[in-house]
Every structure is written in C-alpha cells, then in structure tokens.
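# Secondary and tertiary structure notes
For reference, the chains in residue letters:
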Amino acid sequence: MTRSLKSKYLLLALGLGAGLALLLGGFAYYEHRIDSADIARLTYATVEQKLEGDLEARGKSVVNVTGALLASALAAHNSAAVASIAGRLLEENDIERVEVTDARGVVLFSASSPQSEPTRNDAALRNAALDPLVITNSIPPGIAAPAQPAGTLKIWVSRAQMQATLARLAAQLELQQTSQLKRMRGMLMRVTLPVVVLVLIGAWFFKRRFSRPISALIRSADRIGEGDYTSPFDVARRDELGELQHALERMRQKLSETTITKNYLDTVLNSLSDAVIVTSPDGIIKSCNEATQGLLGYSEADLVGKSLDSFIDEAHRGAFDLGGAAPEARETVLRTASGQTIPVSMASSSIASLDPQFEGNIYVARNITERKRAERRIRYLARYDTLTKMPNRMQFQHLLQQAISRSRRSQHSLALLYLDLDRFKDVNDTFGHSAGDRTLEILSERLTRVLSKETVIGRLAGDEFAMFVDELPADLDNRPSLGALARTLLDEISRAFYVNEQEVYLTASVGIAICPYDADNTIDLIRNADAAMYHSKQNGGNTWAFYVPHMNAAAVERLMLKSKLRRALERDELVVLYQSKVDLRDGRVVGAEALLRWRLPGHGDISPTQFIPLAEESSLILDIGEWVLDRVCSDYKSWQNTVREPGRIAMNLSLRQLKQSSFLARCRNAFRKHGVSPTSFELEVTETTLMTDPTRTIGLLNELYALGLHLAIDDFGTGYSSLSALQQFPIGTLKIDQSFVRDLAVDSNDAALVRTIIDMGKSLELEVIAEGVETSEQLEFLRKHGCFYAQGRLFGDPMEAERLLAILASQAAGGPYHAALCATPARHVKFHH
C-alpha cells in the first residue's frame, strides 16, 4: 500500500514538473509572440477584412443586377428565361451555386458550378474555413403584383482565393515565430530542470504529510472491518482527509450502537459454560467457544476444519445423527484429547441464511458427567440402603424372587429370616438418631461377618432386616440348622454396642419362613416370616420362631385393630379407669393414675400395651391424648362437687404429645374449659421421652411446671438416664417400675435396685411411688425403706370414675380407706381386690 502511494506521488511530481516545463515554454512562446503579435495580427486582420468586404460587395452587386433581370422572367412565369439568366452566373469562377425561388418558396432553379465542386470538396477536407459566403436578395416585384417580391435569389460565393491569400500570409508569419522558438529552447531547458527537482522535493514532503493519516485511516478501517468498534478516530485535520476521518468516526459510532461486534459475540459465547460449536452443513467445524476447547482439551486451531463426528466416541458415533436440527437434547459421548470419554447432552439447530457461506448448524453440548453420576447414585439409592450399603426392600424382593425361581428349578428349599430389633426406638429417643444410625451400621457389619458370603442380607425398614439362605436340601429337615443360625445372630446382636462412649445392649426378634413349605412366592414368604417375627416379639423378644399358619391370624388381627382404632373415638369406645394411689403410712387414698382402656364390642377391654403402640405409629395418639386430658378434667370437676380435695390425678404423656408445638396451649384450654386447677394434675413422662431432646424438653417442662402441673418420671430404672441428667428437669416424683417391685421380696438384685432408687429420690428431695404393688411383703419392704406411696392391685383393680368418687367420699366422711391394710402386719393381711 505504501509503495503504491509513493508511485502515485512520483507520477504526480513528474506531472507537475512537466506542467511547469510547459508553463515555462508557454512563457517563452508568449515572449516571442510579443515581438510579432501586433504586426501579424494587424496585417492578417486587415487583409482578411479587406478581402471579405470585397467579396461581399461583389456578391451583392451580382445579386442586384441579376435580380433585376429575373424580375421580368418571373413575372412572365418564364422558367426557361429564369434558368438561362441564373445559369450564366455559374460561369463566374468564384460563384459555386445559384438558387432561385418564387414568392411561394418553390425552387425554380438550383444548380452548382461543375468546376467548383471538386475544389470545394478538396478544400473542405483541408480546411473547414473554405465555406462559401451566402448572399440572399429579394427579386423586385413585377407590374402585376407590385406589393410583394416576385421571388428570392441566393448565391454562394467561394472564399478559396481569399483563404489562399491569407494562408500565404500566415506561413510567412509562422516562419518568423519558428526562428524565435529555436532561440528560446536553450533557455527553456536551463529553467525546466531545476523546477522538476523542486517539484520532486515537494512531492516527498506532501507524501510524508498525507501518507501517515491515510495509513491511520486504513488501520482504523481494518479494525472496523474486523468488528472492533471500540477505538475512536483521532481527527486532527481540517481538509478533505479530516472530513474522511469524521465520516469514518461517525460510521464507527453508528456501528457500535447498532451492530453486535464479533468480539462481543465471542465474549458472549465464551461466557457460556456450555460448549457451542458452529459447523458447516456437512459437519465441518467452523468455530467454537472456549468451553468447547476446555471440554475437549483441543485448541481452536485443532478443532476448526475437522468433522464434529470425529470427536464423538466411536462406540456412540453411529447412534448420533449430525444432520438436521434437533432442539430436543440428545445424549452422546465425546472423546477428549487425552482419550477420556465425557457424556454430553447435545442440542442442535440449523442456521438459515440466503448467503451459502453462513449456512450450517450450531450445536450446544453440556457436560452431564455429574448428572450421569447422580443418575447412577439414584439408581443405587433406589435399590440399596445408603446407611448399611445393603439391598433395600425393593432390591431384596427382586433378589429373593430370583432365588425362589432358582430353587424351584433345582428343586431345593430356601429359608427367609426376618429380623427386627427390640425396643430400638429407645436408642433413637435417648441418644439421638445419629447414634441409632451408627448402631445400625455396626449391626449390618456384624450380620455380614457372621453370615456366609452367599447369604443375601437386606434392610427392609428402619430396624428390620431380612436374609435368605438358598440351596437347602428339600428332602431334609433344615429347621435345626436354621434355628442354630438364628441363635448365632441373636448372640451376635446381644453383644454390647458402644454409642456415644456408652454401652448399649440390644436384642432382636427373628421369624423364619421356608419356601416352598410356608409360601412359594416373594410376597407371601416375607409376610409369613414377618408374622413369625412378630410372634417372637410378643413372646418377649430375643428369640426366634418358625412360621405356622395361625400366626397370620394374629397379624391380621393386629391390622384390624389398627383400622378399628381410628373409629374408636368416634364411636366412644375409649374409657378412662383410675388406679388409686395410697399413702402407705396411714392407708389414705391421695390420688390416682388415669389409665386408658379400649372397650371394643365383641372383644372386651383391650390393654393399652396392644393399641397404644398402634396409635403411636400415626398421629392418632395426639387425638387420644387430647381426649384423655379432656375426660380426666371433666371427671375431676364432677368429683369436686362431692369431695373438696379429690387428690392429685396422674396422666401419661407420650413423646408425640411432647413434640407437639401446641401441647401447652391445649393444656391451658382444657383446664380453663372445665374450671380446674393445673396443680391438681400430674404428668408422667418416661426416661426415654426426657432424653430424646433434652434442650427442648427442659424448656417445655419448665413451662408446664410454671403452669402449676406436677411432673413425674414413669417406669424409672428402665431407661438410660443418670442422676446428673435428672437434676436438670423440674421433676417432683419418681415412679419405680413394677418389673423391679414384682420380685423384690425374692430377688436381692431387684431389692437392692429399689433401695437405690428410693435413696436417690430422697437425696433429690423427690416423692417416690412404687408401681405394681400386689403383696403385703412388697408393701412392708417399701414402707421399711422409706417409700411411702404406692399403687397396685393390692389396693384394688383400676376402677371407673364413679367407684373412685365413692371411695373418696367414704374416706372424707370417715378415716383412710386402706387404714387397716397399712396398719396390719403383712402376714395377717388378706388381699383387698
């Protein structure tokens, strides 16, 4: 570009030099003309004017004379005379042509001189100045028509002789000028050379002055062509180049406002986390963003020009169609520069354009490695338990079905063992669910270690596990070996678990069902093993049982009870009985414990141990608890109409109720509704409930205590609480569990434990109550060691509200109701039922 510009400036300089040389020559010629111009001009002009005047005068004279001769001929309409008169004019040497017309313009005669035509034609070729002089004159009118001319006479007079004379004169003058030019040539050469040098120097200067801004304009125009509209022009000139700079700057500003630049488009595409690939219609990569390069590990130069198909893993190449638009994402696998395969979700769209160079496809590929990993994780979670890494119920049933099919084909037996931990809920409630999860992890490790590798173990629910042993001989009794296996499992489970640096002992219940004897399909086999397990649990746990058909009846009955329990409140089938609480020092009834019973028509009274666990499996326990509170408050209010101080009534509080956010408000509403004082009631909470969430429980119990309610720990000694743990709760009463009271007269361990609990209660200034007192020996033991309150069948069975009111009324009118029982030595006392 610069070389071309210099050439142009050089040519310009040479042109200017030549122009100056011609200008100087012109000045020289002008100097020569000054000497002879006046003479030549005057001479030539005078001669030309004289010859032109003579020629015109002669022509007019001829026209006037001939016109007079033609007047009479025209008047007589004598065409022959007209032609004769006019024809004689052509005999003159300098008349080239004659034309005669009448008054109407009709040509009567027109002819040219024969000898003048070749001369005229040759002269016309040599010089256009030989055109003849045309003279026109009107022919005088005749006698008949004196008012208008008779016609027109027009002649063409030749200038040939005049021009020949002038030419000779001009030749003479030219000779004089030529001699003068020869004299001036030397001087012209001496002047032109310095002028050309000066012009070249000026051209170099102008080249420097113009080439820089032009180069800057070219660079700026190139940037605009590349889509870069960010750099403004430096407009410093005020000439045409400055106007061009202004025009380009305005164009840059307009384009920056209205056009998406290539850099901007690259910035947008490179900001995307997804790979964007643009290909030609045949799949050749034309461009890509940085995410594509990062995904595949290739540079843009390595990708552009290659087929997109070549980067798809060979195993998936045939299944992926690169042709056509596919807005729905399709999955395929790309192979990177390092050979790694990456699963991607790829969507494509066609680029429609009238210009073929812009046609093609655009592909958007998203790395779905994490999604695939998550899908595998989901598939794993759908089939395996995340805590124990064992098959879950669905996967276990699938594996069991396959094993049953194999056993059927091979004519072997298969045994299913259904295992459930006993009272595992206590571990969760006492130590928290994280401790319970760790216990289950340890249990799964123990089961895996004890059982053979061929045995499939699954976790079917929270603390329910199942395992099956296949390929058992069909013609042998496998029960002894299966019983030994169950015993091994129970022994392994009964070993101490260390949770939160404490020893926890657990037991389990196992049910065993054998295929094909007990069931020949997966569902029935699991159901029957579960029924056998539940039978073991009902027998106290820590044992196993083989399935027998009548076990299903018990399971069905339990399911029916659960269904009927939902309608028990609506049908008013629940009743509250009261077990009196006696002061052992004088036999006075000082209160009672409210006990819930379910009187199901056709079944009699159902023990709470049967239906309360069913209610706790759902939110029904909350409705039942609210109903009990309302009924006890109602009974208490009715007792006050007869007995001023009926004593303190205790009610059991479940964990579900304690967790209920509205429990405190419900208590207030019940007491306000019936107009009874909260100080007349006591809420009994188990150790397990207390230790479930100590922080929240302390807050709630403090609020209940502030309300006026008394609080007691029920079944004390069966949980995992410590003395330090008890001190943080606003507890006023300890109730010794009846399992310790039952054998205290014959079991020294139980006796020692009861004495310890009594002493603990005294040290904490708590009221101690013994539950399940049935004999006078138990009464005397308790009274001897400072436990002065008790309840149990020794003082009568649980009774209805009316019977308790009668006892309280009798006691108010006389003395303590059980005075004789508590005053008489044990060996002389008869049980008072």
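Residues numbered from 1 in each chain as written. Predicted model: local features only at pLDDT ≥ 70, side-chain atom pairs only at ≥ 80, totals over all residues. Heavy atoms only, no water.

With that out of the way, let us pick up the overall build of the chain. Scanning the chain for helices and strands turns up 28 helices and 25 strands. Split into buried and exposed, the 833 residues of the chain put 43% on the buried side. Once local pairs closer than 6 in sequence are excluded, the contacts in the chain between residues at least 24 apart make up 62%. Only carbon and sulfur atoms are counted for the fraction: they give 54% of the accessible area of the chain, which is about 44,700 Å². (Helix = DSSP H or I, 4+ residues; strand = E, 2+ residues; numbered from the N terminus. Buried < 20%, exposed > 50% of the residue type's maximum accessible area, 1.4 Å probe, protein only. Contact = heavy atoms within 4.5 Å. Areas by Shrake-Rupley, 256 points an atom, 1.4 Å probe, with all protein chains shown as cover.)

Direction of pairing for strand β5 (residues 275–279) relative to strand β9 (residues 360–367): antiparallel, over a ladder of five bridges. Bridge assignment links Ala-275 to a residue of β9, and that residue is Ala-365. For strand β8 (residues 341–351) and β9, the ladder comprises eight bridges, and the chain directions are antiparallel. Residue Met-346 lies in a different strand from β9, and its bridge partner there is Ala-365. (Pairing = 2+ DSSP bridges.)

Next up on the list: helix α11 (residues 393–410). Between its first and last C-alpha atoms α11 spans 25 Å; for 18 residues at 1.5 Å apiece the expected length is 26 Å, and the two agree. Of all the residues in α11, the buried ones are Gln-395, Phe-396, Leu-400, Ala-403, Ile-404, Ser-405 and Ser-407. For α11, the elements touching its buried residues are α10 (369–383), β10 (413–421), β11 (456–459), β12 (464–472), β15 (508–515) and α15 (522–538). Just downstream of α11 lies Gln-411, where phi reads positive at about 55°. (Expected span 1.5 Å × (residues − 1).)

We now examine the nonpolar core. Side chains of nonpolar character tend, in soluble globular proteins, to be buried together. The biggest cluster of nonpolar side chains holds 84 residues, and the ones touching the most others in it are Tyr-578, Phe-681 and Leu-782. No other element matches the eleven residues that helix α18 (residues 620–640) contributes to this core. (Core = buried A, V, L, I, M, F, W, Y, C linked by side-chain atoms within 4.5 Å.)

What follows deals with the sheet that holds β15. An order of β11-β12-β10-β15-β16 is seen for the five strands of this open sheet, with the pairing classed as mixed. Either end of the sheet is taken by a strand with one partner, and the two such strands are β11 and β16 (543–546). Direction aside, the axes of adjacent strands within the sheet are offset by 20° on average. Pairing of β11 with β12, which is carried by four bridges, proceeds in the antiparallel orientation. Paired with Ile-457 across the bridge in β12 is Met-467. (Axes fitted to C-alpha atoms, helices over the stretch in contact; angles between N-to-C directions.)

It is a probe the size of a water molecule, rolled over the atoms, that shows where empty space is left. Of the voids in this model, the second largest pocket is the one considered here, and its volume is about 500 Å³. At the level of secondary structure, the elements contributing two or more residues to the lining of the second largest pocket comprise α6 (262–270), β5, β6 (285–288) and α7 (290–296). Residue contributions to the lining of the second largest pocket peak at five residues, all from α6. The class makeup of the residues in the lining of the second largest pocket is eight nonpolar, five polar and five charged. (1 Å grid on protein atoms, 1.4 Å probe; cavity = no way out; pocket = protein on both sides within 12 Å on 5 of 7 lines; lining within 4 Å. Points joined across faces, edges and corners; volume = space filled by probe spheres on them. Nonpolar A, V, L, I, M, F, W, Y, C, P; charged D, E, K, R; others polar.)

Before going further, it helps to examine empty space enclosed by the protein. Under the criterion given, the structure shown has three cavities of 30 Å³ or more. Lining the largest cavity we find Leu-622, Gly-625, Glu-626, Leu-629, Gln-657, Gln-660, Phe-663 and Arg-666. Broken down by secondary-structure element, the contributors of at least two residues to the lining of the largest cavity are α18 and α20 (663–674). Looking at the lining of the largest cavity, the element that brings in the most residues is α18, giving four residues. When its residues are assigned to classes, the lining of the largest cavity shows three nonpolar, three polar and two charged. A volume near 30 Å³ is recorded for the second largest cavity. Along the walls of the second largest cavity sit Lys-581, Ala-592, Glu-593, Arg-648, Ala-650, Glu-682, Glu-684, Lys-735 and Gln-791, which together make up its complete lining.

The subject of this paragraph is the pairing of strand β24 (residues 767–770). Bridge analysis of strand β23 (residues 733–736) against β24 gives four bridges, and the strand direction is parallel. Residue pairing in the sheet places Leu-734 in a bridge with Val-768 of β24. Summarising the sheet, β24 and strand β25 (residues 789–790) pair through two bridges and their orientation is parallel. Residue Ile-769 lies in a different strand from β25, and its bridge partner there is Tyr-789. Between the parallel elements β24 and β25, the chain passes through helix α26 (residues 776–784) in a crossover that is right-handed. (Right-handed = clockwise from strand over helix to strand, strands pointing away.)

Let us look at the sheet that holds strand β4 (residues 151–157). Pairing between sheet strands relies on hydrogen bonds along the backbone, with the strands arranged either parallel or antiparallel. Strand order in this open sheet of four strands is β2-β1-β4-β3, and the pairing throughout is antiparallel. Where the open sheet ends on each side, the last strands, each with one partner, are β2 (107–112) and β3 (133–139). For this sheet, the mean inter-axis angle between neighbouring strands, taken without regard to orientation, is 10°. Strand direction decides the pairing type here: strand β1 (residues 95–102) and β4, joined by seven bridges, are antiparallel. Among the inter-strand pairings, Asp-102 is bridged to a residue of β4, identified as Gly-151. Sheet strands in contact with helix α2 (residues 79–89) are β1, β2 and β4, and its direction is about 155° off that of β1.

In this section: the packing of aromatic side chains. Enumeration over the complete set of coordinates arrives at eight aromatic pairs. Between Trp-598 and Phe-611, the aromatic rings sit 5.8 Å apart at their centres with planes inclined by 80°, giving edge-to-face as the arrangement. With a gap of 13 residues between them, Trp-598 in strand β18 (residues 588–600) and Phe-611 in helix α17 (residues 608–616) connect regions that are remote in the sequence. Comparing Trp-598 with Phe-611, the two get one shared label, buried. For the cation-ring pair, Arg-446 lies above Phe-497, with the distance from its terminal atom to the ring centre recorded as 4.0 Å. Over the face of the ring belonging to Phe-546 we find Arg-479, whose NZ or CZ atom lies 5.5 Å from the ring centre. (Phe/Tyr/Trp six-rings, centres within 6.5 Å; stacked < 30°, edge-to-face > 60°. Lys NZ or Arg CZ within 6 Å of the ring centre and 35° of its normal.)

The phi angle of most residues is negative, glycine excepted, and most peptide bonds adopt the trans form. Note the cis peptide between Cys-515 and Pro-516, where omega equals 15°. For Pro-516, the location among the structural elements is in the loop between β15 and α15. Positive phi is not limited to glycine here, since Arg-423 has a value of about 55°. Examined against the element boundaries, Arg-423 turns out to sit in the loop between β10 and α12 (424–431). Residues other than glycine seldom take positive phi values, yet Asp-572 does so here, at roughly 55°. Among the structural elements, Asp-572 can be located in the loop between α16 (550–568) and β17 (574–583).

This brings us to the environment of Val-62. Structurally, Val-62 can be placed in helix α1 (residues 2–75). For the pair formed by Val-62 and Ile-95, sequence separation is 33 residues and the distance between their alpha carbons is 10.0 Å. Residue contacts for Val-62: discarding those within four places in its chain leaves Leu-89 and Ile-95.

Attention now goes to the pattern of salt bridges. Taken as a whole, this structure holds 29 salt bridges when the rule is applied. The partner of Arg-585 in a salt bridge is Asp-583, with the nearest N and O atoms 3.1 Å apart. For Asp-583, a relative accessible area of 9% gives the class buried. Measuring nitrogen to oxygen at the nearest pair gives 3.3 Å for the salt bridge that ties Glu-682 to Arg-648. Taken together, the residues span a long stretch of sequence, with Glu-682 in strand β21 (residues 681–686) and Arg-648 in strand β20 (residues 648–652) at a distance of 34 residues. Residue Arg-648 is classed as partly exposed on the basis of its relative accessible area, which comes to 21%. The structure contains a network of salt bridges with shared partners spanning Glu-593, Glu-684, Lys-735 and Glu-771. (Salt bridge = Lys/Arg side-chain N within 4 Å of Asp/Glu carboxyl O.)

This paragraph deals with the side chain of Ser-345. By secondary structure assignment, the location of Ser-345 is in strand β8. Setting aside chain neighbours within four positions, we find Ser-345 in contact with Ala-329, Arg-330, Glu-331, Val-364, Ala-365, Arg-366 and Ile-368.

The topology assignment puts Asp-635 in helix α18. In this structure, Asp-635 is buried with no salt-bridge partner, the nearest side chain bearing the opposite charge being Arg-631 at 4.9 Å. Those residues in contact with Asp-635 that sit more than four places away from it in its chain are Tyr-578 and Ala-801. (Lys, Arg positive; Asp, Glu negative; His and termini not counted.)

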